Structure formats: structure tokens, C-alpha cells
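Spelled out from the first residue to the last, the chains are:
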Amino acid sequence: MAPIGPTAACERLPAMTTILITGASSGLGAEMARQFAARGNDLALCARRTERLDELKAEILAAHPERRVEVRALDVTDDDQVFEVFRAFRADFDTLDRIVVNAGLGKGAPLGTGHFDANRQTAMTNFVAALAQTEAAMEIFRDQRAGHLVMVSSMSAMRGMPKSLTTYAATKVGAAYLAEGLRNELYGKPLGKTVKVTVLYPGYIASEMNDQVKDKASFMASTEKGVASMVSAIEKEVADACVPALPWAPLSVVMKHAPLAVLKRLM
Ligand SMILES: NC(=O)c1ccc[n+]([C@@H]2O[C@H](COP(=O)([O-])OP(=O)(O)OC[C@H]3O[C@@H](n4cnc5c(N)ncnc54)[C@H](OP(=O)(O)O)[C@@H]3O)[C@@H](O)[C@H]2O)c1
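Residues numbered from 1 in each chain as written. Predicted model: local features only at pLDDT ≥ 70, side-chain atom pairs only at ≥ 80, totals over all residues. Heavy atoms only, no water.

Draft legend 1. Seen up close, the side chain of T122. The topology assignment puts T122 in helix α5 (residues 116–144). A polar atom in the side chain of T122 sits 2.4 Å from the backbone oxygen of K107. (Helix = DSSP H or I, 4+ residues; strand = E, 2+ residues; numbered from the N terminus. Polar contact = N/O pair within 3.5 Å; in protein donor to acceptor, adjacent residues only side chain to side chain.)

Structure, rendered in C-alpha cells:
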């Protein structure tokens, strides 16, 4: 899957859809909003930092005045609020065609070193809240009998990860398996023809989350390029994709199958 550039993105305008993105106040979520708007989609955007969402909405509408953008405050760890906000967005637009479960947290520490709070917060945000978002999304899609669920997992889901990544990686496997389980359930069923599920496994893409990541130069994609790869995979409604494909698709095979002794030398 070749990443597409901004010019190519503007040339191909698919039929307009309404897309809900959680964690849209920064990083990949905000850039997905920009790129989806440029490709002719209306947007339902949520996160806790609403001032960021208001700025993003103003920026998108200045560039694409014909688009509709609605924003709402949402803390995804507040279960009730997840259902309320998703239902309210659906009421705004009548139909939500695509829901991107993107909100996530990269906090963590080696297990047993006194930082249970940080690991718990990551688990609640990346897994339990992903479950709440998936439940709320699927309620809407089952009622509409159509929709596209996109789960933003991570390349770290390919293998158990050490130290500060241990809990994060485990949450991203869990989130990916929620989506995979749904795809399994829908497979061969009438609803499976109109409800689609995509799991994205991003490698390093520049964002606030990995500001502190050392050795950025080696594999870090720019936000624009990395997200263009995500948007391309989403629009193709692929079952899953490592994004950007290079180097991450071939690396995923190594990460899954290499003996630990080899893996530890690589990462
Ligand atoms: N960037 C990468 O290299 C990379 C690689 C693999 C996977 N990912 C995944 O991509 C997704 C986006 O991350 P990012 O890189 O764009 O990081 P980011 O810039 O830190 O953005 C994270 C987003 O999640 C939102 N969020 C965090 N906790 C939340 C909560 N409790 N309720 C609602 N929203 C919450 C934040 O919004 P507020 O703080 O305003 O609420 C923010 O918009 C995450 O799921 C991450 O795990 C990223």
C-alpha cells in the first residue's frame, strides 16, 4: 500500500461520508480530520481539550467552508459520556458512516516499579475506553445496518514489549482483538456486507505522544505522511494495515516471529 501525498489526496474525492474521530485534538486524530475534510467528508470531532477542537474546526472550515464540523468534549474514560456523545453526534448528522477509535495514552512504566497508576491509566484509556467506544459505535452501526469501525492499534501490538511499553502494547493487542473479534462475528453474515472493520497498526508517526522518543530519525514518519497512509488504508476499508507500509509491514513479520534473542537486538 503506497502512502499517498496531499496532492493525490485532493485529486481523488470519494463519496462524502460523516466521520467521527475520538482524540481529535492533536497528533494523528487532528491530522486525520484535516485530511478527511480535504477529501470531502463531514466530521464529528471529540477530545477533552475543546479549545484545540475549536481551533481545528475553525482551521478546517476556513480551508473548506462547504464542510460541516461538529465538536464535543469527551473524556473516553467516562463510559456514560462516550455513549452520550456518540449518540449526540449521530443525532446531529442522522448517520455516522465511519467511527475512528483513536484516543490513546502512551504513559507507562516497568511492571512492579511503583507506577501502577500510570499503567492503569493507560489500560483504562487504551483498552476499557476503546471497548466503550466500540460498544457505542456498534450500537449505532447495528441500528443503521451500516458503518465502518476503525480501530487505531499500534505496531507495539505485534509482540509483548518491555519496560514502559509493556502495558501500552498489551492494551493495543486487546483493542485490535476487539475489532478482529467483531470482524469474525460479521463474516459471512448479511450485516457483514455493510458493517466493515479496519485495524490500523501505526509505526512511529510524529505526534505529541512520541515527542520524547529517541532515535526519531530512523523510522519516524512525518504526521502528514503517516496519516496519509492511515487515511488511504481507511478509505480502502482494508481488514488491517501496518502504516506507513514501509518499513512496518515487513518489520511486523520479524516482530511476530523472531526469537526474543534476535528481537532484543533489533529493538
Ligand atoms: N504517533 C505514533 O507514533 C503512534 C503509533 C502507534 C499508535 N498510535 C496511536 O494513535 C492514537 C493517537 O495518538 P497520537 O500519536 O496522535 O498521540 P497524541 O498526539 O498524544 O494524541 C492523543 C489523543 O488522544 C486523546 N486522549 C487521550 N486521553 C483521552 C481521554 N481520556 N479522553 C479523550 N481523549 C483522550 C487526546 O486528547 P485530549 O488530551 O484533548 O483529551 C489526543 O487528542 C493513539 O491511540 C496512539 O496509541 C500512535
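Draft legend 2. Representation of the pairing of strand β4 (residues 98–101). Neither face of β4 is exposed, since R98 and V100 on one face and I99 and V101 on the opposite face are all buried. Across 3 bridges, strand β1 (residues 18–22) lies against β4 in parallel orientation. Note that in β4 the partner of L20 across the bridge is I99. Two strands pair when backbone bridges link them, and β4 and strand β5 (residues 147–152) are joined in this way by 4 bridges, in the parallel orientation. Across the sheet, V100 pairs through a bridge with V150, a residue of β5. Traced from β4 through α5 to β5, the parallel crossover comes out right-handed. (Buried < 20%, exposed > 50% of the residue type's maximum accessible area, 1.4 Å probe, protein only. Pairing = 2+ DSSP bridges. Right-handed = clockwise from strand over helix to strand, strands pointing away.)

Draft legend 3. Fine view of a nonpolar patch on the surface. On the surface, V254, V262, L266 and M267 cluster together into a nonpolar patch covering about 330 Å² of accessible area. Relative to the elements of secondary structure, V254 occurs in helix α9 (residues 245–257). By relative accessible area, which is 32% here, V254 ends up partly exposed. (Patch = residues over 30% accessible without salt bridge, like charges linked within 9 Å, V, L, I, M, F, W, Y side chains within 5 Å. Areas by Shrake-Rupley, 256 points an atom, 1.4 Å probe, with all protein chains shown as cover. Salt bridge = Lys/Arg side-chain N within 4 Å of Asp/Glu carboxyl O.)

Draft legend 4. View of the pairing of strand β3 (residues 69–73). In this structure, strand β2 (residues 42–47) lies alongside β3, joined through 5 bridges in parallel fashion. Across the sheet, residue L45 finds its bridge partner in β3, namely V71.

Draft legend 5. View of the pattern of salt bridges. Considering all chains together, one arrives at 14 salt bridges under this definition. Here R49 ties to E208 by a salt bridge, and the two come within 3.3 Å at their closest N and O atoms. Separated by 159 residues along the polypeptide, R49 in the loop between β2 and α3 (50–63) and E208 in the loop between β6 (195–202) and α7 (216–219) bring together distant segments of the chain. Under the relative-accessibility criterion, R49 is labelled partly exposed at 32%. A single network of salt bridges, built from pairs that share partners, joins E31, R34 and E59.

Draft legend 6. Region of the structure containing a negative patch on the surface. On the surface, a cluster of negative charge is contributed by D78, D79, D80 and E84. Relative accessible area serves as the criterion here: at 56%, D80 is assigned to the exposed category. (Lys, Arg positive; Asp, Glu negative; His and termini not counted. Charge placed at Lys NZ, Arg CZ, Asp CG, Glu CD.)

Draft legend 7. Quick look at the site of the ligand. Around the ligand, the structure places 30 residues, and the nearest of them are S25, R48, Y168, S207 and N210. Contacts to the ligand include N210, whose side-chain N or O atom sits 2.7 Å from an oxygen atom. Among the elements of the structure, α2 (27–38) and α6 (166–186) are those that each provide at least two residues to the shell around the ligand. Looking at the shell around the ligand residue by residue, the class counts come to 12 nonpolar, 13 polar and 5 charged. (Near = heavy atom within 4 Å. Nonpolar A, V, L, I, M, F, W, Y, C, P; charged D, E, K, R; others polar.)

Just distances and angles here, no functional claims.
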